[in-house]
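Structural overview
This is what each chain is made of:
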Amino acid sequence: MNRRGFFILLFLAALSLSLTLSSVSAGVLEDIKANGELVVSSDANYAPQSFLDEEGRLVGFDIDVATEVARRLGVVARFVTPDWDLIVAGKWGGRWDLSIGSMTITAERAEVVDFSIPYYYTPAQFAVHKDNKTIKALDDFSGKTVGLGAGTTYESYLDPNQTLTIGGGEKIVYQVKGVKSRPYSTDMEAVQDLALGDGVRLDGVLTSGYVVDEAIKKGVPVKPVGNPVFYEPLAAASDRARPGSAELVKKISEIFESMHKDGTLTKFSMKWYGMDITKKAR
Amino acid sequence: MGIFAVLLYVFNRFNLNFPFMLKYLPFIMKGVGYTILVSLLSIIAASILALFGAIARLSKNPVFYGVATFYVSLIRGTPLIVQIFVIYLGLPQMGIVLGAIPAGIIALGVCYGAYMTEIFRGGIQSIGRGQIEAAYSLGMTYSQMMRRVVLPQAFRIIIPATGNEFIAMLKDSSLVAFLGVWELFFRAQRVGRQNFRNMETLIIAALFYWIVTIIFQYFQGRLEAHLARGTRRITGIAH
């Protein structure tokens, strides 16, 4: 029994290995063409960029963009929805080919992923509870507790030990100091915690201006404070560890270029945001 | 009934949006399939691991004993969520790329296998030495003795504890949501977050976990009654 048991285990181990060893090929672009599908990761937590409609289908701005990108590559898009932390960590192991998930271009992330050119821009916005009377300007946030999504640019922005370098290295002017940040698994939990009441758990949140807009639209008692603290260029990203990653994002950049030019991105932006946010702000 | 009234009162105080809950209930419910699938496959993997683990833990062979003891110690000593991420993120570095579901099943199976190794070991050890000697004296091999004498009796002791583990696993399967598996918890979280109504959707998910557990408990009770038939009759005669 002992010996046989050992061999059965060994056999099971070998079987699972042979089933899972992925075929290594020339490059990710070739893999996509060969499989006829572009596997896209998207963080399905944010309306209107990537969320679930009433029938539970994945829809949104990012989804439309990804579907169109796949079409222009001559393949179909398939979506996977891993946790945001897993997407920005890189080393995807070929489980998906591309992130079209509103990822901000930052120098830190560029160490693990290759970025395409931006396909749209989003403002980073502070917000407080509707009932708040004391925080009227950005410097009123000093010493306050602000909620945000873990692994987001907003977290890097408020972390004194990190320097946030976004996009083409535009200088970020720090208008707030001494803010205590409290990270949540997504921005949405932070917004909901702020909605409990002014100062109950949070004094404010720092998130995308569109998240704040969406919250207000859905009746969440929050209001924006001050002008956006920085603008983020959002791009597609590809796992640097994967062979052919650079070629893939080059191809994706070309597709974005044409989608900017022929108005496709503007069309999607109007459809989901009701305004054109595909042009560089400021 | 009173407790139920208290629960309803508390829910009322949560200020839940019931039309919203009804609207998304069918969508969240569809996650039950993945929850049960992941749990079932994981408990099967865990049982197989636990059987070998228990036999190895009882083995006189120092290598088998050492490996099994190390496995139980390491896995019981680390959090399941860490194991899930190690298997999902770590294995690809060794060239083994697992999808979200296989990674989740392996992690749950390996984790629960370690706990269940100890349950199985206890079950096997509870079978009297005399039974084993009797089996050997009838000329059975080790394998025959295990299969025909020890394990059938041990299962009676193992099953209730294993059922307990399965119930725990049903809920721990929610951790695979982090890998992007569309099970109950994942669906509840996505819908809740994007509508800023986490409370409503998490309550729906909790309700379904509870219902599945109740249904499972019913079948477990039947199975236990079935396995207990023999002993009950014997004790009946003895007294």
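Nothing here was measured: the structure is a model prediction, and the numbers come from that model. (Residues numbered from 1 in each chain as written. Chains lettered and ligands numbered in written order. Predicted model: local features only at pLDDT ≥ 70, side-chain atom pairs only at ≥ 80, totals over all residues. Heavy atoms only, no water.)

Turning our attention to the interface of chain B and chain A. By a widely used convention, the size of an interface equals the accessible area lost when the partners come together. Listed by partner, the interface residues are 35 residues for chain B and 41 residues for chain A. For the pairing of chain B and chain A, the buried interface totals around 3,400 Å² over both sides, and the portion due to carbon and sulfur atoms is 62%. The largest share of the area that chain B buries against chain A comes from R193(B), Q194(B) and F196(B), three residues that together contribute 24% of it. The interface formed by chain B and chain A includes three salt bridges. The tally of links from chain B across to chain A stands at 14 residue pairs in polar contact (both at pLDDT 80 or more). Those elements that place two or more of their residues in the side of chain B that touches chain A are α2 (18-29), α3 (32-57), α5 (80-90), α8 (142-172) and α9 (184-194) of chain B. (Contact = heavy atoms within 4.5 Å. Buried area = accessible area lost by both parts, 1.4 Å probe. Salt bridge = Lys/Arg side-chain N within 4 Å of Asp/Glu carboxyl O. Polar contact = N/O pair within 3.5 Å; in protein donor to acceptor, adjacent residues only side chain to side chain. Helix = DSSP H or I, 4+ residues; strand = E, 2+ residues; numbered from the N terminus.)

Residues and elements named next belong to chain A. Taking 1.5 Å as the rise per residue, helix α8 (residues 245-261) with 17 residues should run 24 Å; its terminal C-alpha atoms sit 24 Å apart, in good agreement. Within α8 the residues assigned to the buried category are S245, L248, V249, I252, S253, I255, F256 and M259. Buried residues of α8, viewed axially, fall in a sector of 165°; they line one side. Turned more than 90 degrees away from the buried face of α8, the exposed residues are E247, K250 and K261. Considering only its buried residues, α8 is in contact with α2 (28-35), α3 (61-73), β5 (98-104), β6 (113-129), β10 (222-239) and α9 (264-273). (Expected span 1.5 Å × (residues − 1). Buried < 20%, exposed > 50% of the residue type's maximum accessible area, 1.4 Å probe, protein only. Arc of directions from axis to C-beta.)

Residues and elements named next belong to chain B. The grouping of M1, F4, L7, L8, L207, W210, I211, I214, I215, Y218 and F219 at the surface amounts to a nonpolar patch, some 1,200 Å² of accessible area in total. Broken down by element, the nonpolar patch gets its largest block of residues, seven residues, from helix α10 (residues 198-238). Its relative accessible area of 42% is what places I214 among the partly exposed residues. (Patch = residues over 30% accessible without salt bridge, like charges linked within 9 Å, V, L, I, M, F, W, Y side chains within 5 Å. Areas by Shrake-Rupley, 256 points an atom, 1.4 Å probe, with all protein chains shown as cover.)

We now examine the packing of aromatic side chains. Residues and elements named next belong to chain B. Summed over the entire model, instances satisfying the criterion amount to 22 aromatic pairs over all chains. Look at F20 and Y24: their rings are 5.0 Å apart centre to centre, the planes differ by 55°, and that puts the pair in the tilted class. Placement of the pair is F20 and Y24 together in helix α2, with a separation of four residues, close to one helical turn. Exposure remark for F20: the relative accessible area of 9% places this residue in the buried category. On the basis of an interplanar angle of 75° and a centroid distance of 5.3 Å, the ring pair of Y218 and F219 is categorised as edge-to-face. (Phe/Tyr/Trp six-rings, centres within 6.5 Å; stacked < 30°, edge-to-face > 60°.)

The predicted model of chain B averages 91 in pLDDT, with 96% of residues at 70 or higher. Interface predicted TM-score (ipTM) for the complex: 0.76; the corresponding pTM is 0.82. (pLDDT = per-residue confidence, 0-100.)

Residues and elements named next belong to chain A. With mixed pairing, eight strands are arranged side by side in an open sheet as β4-β1-β5-β10-β6-β9-β7-β8. At either margin of the open sheet sits one strand with a lone partner, and together these are β4 (76-80) and β8 (180-184). The mean inter-strand angle of the sheet, taken between neighbouring strand axes irrespective of direction, is 30°. By the bridge criterion, three bridges tie β5 to β10 in an arrangement that is antiparallel. The partner of S99 across the bridge, within β10, is A237. The strands touched by α8 within the sheet are β5, β6 and β10, with β6 carrying the most contacts at an inclination of about 65°. (Pairing = 2+ DSSP bridges. Axes fitted to C-alpha atoms, helices over the stretch in contact; angles between N-to-C directions.)

What follows is about the nonpolar core. Within the largest apolar cluster, 83 residues are counted, with the highest numbers of intra-cluster contacts made by M103(A), Y112(B), M116(B) and I124(B). No other element matches the twelve residues that helix α6 (residues 100-125) of chain B contributes to this core. Setting aside anything within four residues of it in sequence, one finds M103(A) in contact with W84(A), I87(A), V88(A), R109(A), V113(A), F115(A), P233(A), L234(A), A235(A) and A237(A). V59(A), A66(A), F256(A) and W272(A) belong to the second-largest nonpolar core, a separate cluster that totals 32 residues. (Core = buried A, V, L, I, M, F, W, Y, C linked by side-chain atoms within 4.5 Å.)

By the definition in use, this model includes 21 salt bridges over all chains. The salt bridge involving D43(A) is made with R190(B); its shortest N-O contact spans 3.8 Å. Taken as a pair, D43(A) in the loop between β1 (37-41) and β2 (51-52) and R190(B) in helix α9 lie in two separate chains rather than in one. With respect to class, D43(A) is no different from R190(B); both count as buried. The salt bridge involving K271(A) is made with D64(A); its shortest N-O contact spans 2.7 Å. One end of the pair, K271(A), is in helix α9; the other, D64(A), is in helix α3, with 207 residues separating them in the sequence. A relative accessible area of 54% places K271(A) in the exposed class. According to the relative accessible area criterion, D64(A) is buried, its value standing at 16%.

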